[in-house]
Amino acid sequence: MARIYLDMDGVVAKWSKVGPDTLMTPGYFAGIEPELSMVQATEMLSKKADLYILSSAFEGTESDKGVWLDNHMPFIPEDHRIFIPYGESKNDYAPV
């Protein structure tokens, strides 16, 4: 089965330019609107491929991103959710 990695911000979750204070507000990432067509396409794809979320996260925002996934993409299991420290290379965290 093919393994596919998806980012969250601007891919399955809508992204808007906001300041760092907003990004660090507790609950901000949990409340972002989903890109509905991408979420639906991802759900269909999850039946054919091994999907992972690979998303950068500021310190302390991982739980908000997990809540977002629980609410909008519960078909992505927790062990397929990889949150990496903001600024680090995602390639270094993608299991092969």
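What comes next concerns the included structure. (Residues numbered from 1 in each chain as written. Predicted model: local features only at pLDDT ≥ 70, side-chain atom pairs only at ≥ 80, totals over all residues. Heavy atoms only, no water.)

A few words on the overall build of the protein. Summing up its helical and strand segments, the protein has three helices and three strands in all. Reading the protein from its N terminus to its C terminus gives the helix and strand order β-α-α-β-α-β. Viewed in the frame of its principal axes, the protein has a C-alpha envelope of about 40 × 30 × 20 Å. Long-range contacts, defined here as pairs at least 24 residues apart, represent 71% of the contacts in the protein between residues at least 6 apart. Across the protein, 8 positive and 15 negative side-chain charges occur, with their mean positions spaced 8 Å apart. (Helix = DSSP H or I, 4+ residues; strand = E, 2+ residues; numbered from the N terminus. Contact = heavy atoms within 4.5 Å. Lys, Arg positive; Asp, Glu negative; His and termini not counted. Charge placed at Lys NZ, Arg CZ, Asp CG, Glu CD.)

With parallel pairing, the three strands of this open sheet are ordered in space as E1-E2-E3. Since the sheet does not close on itself, it has two edges, and those belong to strand E1 (3-6) and strand E3 (81-85), each with one partner. Pairwise comparison of adjacent strand axes, ignoring direction, gives a mean angle of 25° for this sheet. Where strand E2 (residues 50-57) meets E3, five bridges bridge the pair, whose relative direction is parallel. Paired with Ser-56 across the two strands is Ile-84, which belongs to E3. Where helix H3 (residues 62-72) meets the sheet, it contacts E2 and E3, and its direction lies at approximately 155° from that of E3. (Pairing = 2+ DSSP bridges. Axes fitted to C-alpha atoms, helices over the stretch in contact; angles between N-to-C directions.)

This next bit is on the environment of Met-1. Among the structural elements, Met-1 can be located in the segment before E1. Each C-alpha atom, one on Met-1 and one on Glu-88, is 28 Å from the other, the two residues being 87 residues apart in sequence. Discounting residues that sit within four places of it in the chain, Met-1 has contacts with Lys-48, Ala-49 and Asp-50.

Counting 16 residues, the largest nonpolar core has Met-8, Val-12, Ile-32, Ile-53, Trp-68, Leu-69 and Met-73 as the members making the most contacts within it. Within the residue set of this core, elements represented by two or more residues are E2 and H3. (Core = buried A, V, L, I, M, F, W, Y, C linked by side-chain atoms within 4.5 Å. Buried < 20%, exposed > 50% of the residue type's maximum accessible area, 1.4 Å probe, protein only.)

This part takes up the pattern of salt bridges. This structure, assessed with the given rule, holds five salt bridges. The partner of Lys-14 in a salt bridge is Glu-33, and the shortest N-O contact between them spans 3.8 Å. Remark: Glu-33 occurs in the loop between helix H1 (20-23) and helix H2 (36-45) and Lys-14 occurs in the loop between E1 and H1; sequence separation between them is 19 residues. Residue Lys-14 is classed as partly exposed on the basis of its relative accessible area, which comes to 37%. Arg-81 is the partner of Asp-70 in a salt bridge, and the nearest nitrogen-oxygen pair spans 2.7 Å. With Asp-70 in helix H3 and Arg-81 in strand E3, the pair connects residues that are 11 residues apart, well separated along the chain. With a relative accessible area of 12%, Arg-81 lands in the buried category. (Salt bridge = Lys/Arg side-chain N within 4 Å of Asp/Glu carboxyl O.)

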